[in-house]
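One-letter residues, chain by chain:
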Amino acid sequence: MIILQVIGSILLILLAILSLILFLPNRYDIYIEKWEKFFLKVHFLLLNFIKINFEIVDKETLLEVFIFTKKVYPFKRKVKINNKTSQKTKTETSSKRTQNKALKNTKQKPDLSSVIKPIKATYEFDKLEEKEGEEFVFDEEFEKNIDFSLLEEFQVIFNYDLTKEFEEEFDANFKIVFDEKIEQEQQKFDFKQIVSIIKNSEYRNKAVNKLFYTIKRMIKTIAPKKFQFDLEIGTNSPATTGQIIGLCSIFYPYYIQYGTINGNFESNAILGEIFIAGKFNIATILKILIDLLLYKPCRIFVKEILDSKN
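Here goes a summary of the coordinates provided. (Residues numbered from 1 in each chain as written. Predicted model: local features only at pLDDT ≥ 70, side-chain atom pairs only at ≥ 80, totals over all residues. Heavy atoms only, no water.)

## So, the packing of aromatic side chains
Next up, step 1: Counted by the stated rule, this structure contains seven aromatic pairs.
Next up, step 2: Each ring, one from F227 and one from Y258, has its centre 6.0 Å from the other, and the planes form 55°; the classification is tilted. Separated by 31 residues along the polypeptide, F227 in strand β6 (residues 226-233) and Y258 in the loop between α10 (252-255) and β7 (259-263) bring together distant segments of the chain.
Next up, step 3: When its relative accessible area of 37% is taken as the criterion, Y258 is described as partly exposed.
Next up, step 4: Between the aromatic rings of F229 and Y255, the centroid separation amounts to 6.1 Å while the plane-to-plane angle is 45°, which identifies the pairing as tilted. In this pair, F229 sits in strand β6 while Y255 sits in helix α10, placing the two residues 26 residues apart along the sequence.
Next up, step 5: An aromatic cluster is built from F227, F229, Y252, Y255 and Y258, whose rings are joined through pairwise contacts.
Next up, step 6: Sitting above the plane of the Y295 ring, K210 keeps its charged end 5.2 Å from the centroid. (Phe/Tyr/Trp six-rings, centres within 6.5 Å; stacked < 30°, edge-to-face > 60°. Helix = DSSP H or I, 4+ residues; strand = E, 2+ residues; numbered from the N terminus. Buried < 20%, exposed > 50% of the residue type's maximum accessible area, 1.4 Å probe, protein only. Lys NZ or Arg CZ within 6 Å of the ring centre and 35° of its normal.)

## Describing the packing of helix α1 (residues 2-23) against helix α11 (residues 282-293)
Next up, step 1: Between α1 and α11, whose axes approach to 5 Å, the crossing angle comes to 80°. When the axis of α1 is compared with that of α11, the two are roughly perpendicular. Between α1 and α11, the contacting residues are I21, L22 and F23 on the first element and I282, A283 and L286 on the second.
Next up, step 2: Partitioning the contact of α1 with α11 into residue classes produces six nonpolar, no polar and no charged. (Axes fitted to C-alpha atoms, helices over the stretch in contact; angles between N-to-C directions. Parallel < 35°, antiparallel > 145°, perpendicular 65-115°, else oblique. Contact = heavy atoms within 4.5 Å. Nonpolar A, V, L, I, M, F, W, Y, C, P; charged D, E, K, R; others polar.)

Written as structure tokens, this is what we have:
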């Protein structure tokens, strides 16, 4: 019985956490201002306990992250400085600097002639030429001074060029591997076949209509619930400014509930402020996506496209 009670309590806790993640609202608000200076402020509240603040004030940025009202980023650790220890370290460093200066002045320059040794002369290849009637012998002096890893020395001694063999071998192997990869890529991605299946599929129209409907529902759920603005539009000439305000007045009945648009006849700029706020929860987004995945024409249409690749 105790084990069952523990398992039941764990399941209840997990269910409560899952319900909080799914059904708690996620809120956001954005404020943009451009009068004398540019100002941007973004607040995002995730599951009512994770808060993210982002600000831009005249090319200066600030990002803050809070979890349960405790700042997580940027995290600044306070360091306590003891005055006595700091004074001791200062005196120690100053004494060490004076000692180092005195040692530098007293030291004499070493005699480099005793340290540097004469460099051995390189081996002369002219001496390695074969005499008439004598065979070439690899003596100890030859083995010390020659480097067999270099193709030029190999060519000088043995009168045989290995670079051509290496180039021919490399080109042949590279061509085989490259041709195989091209064939594999062509077999994997046959775009013509995919396009033909998309055109000729009987489930295309239903799947595309459902996809656009899903995107529309997603935008509607995430879209801001509050939108306000106050704008001033100005151009180089007052005449063009008046024309723009006249065109905007045609749409006045549609945007009056959200804000105002006025003319600025003194400066050539678009000034004002905009405020956006909204909320959504993860459960509604998951519901929309699951509805799309369970729609049979969409699943068949995607399966036909995937099968064409194989």
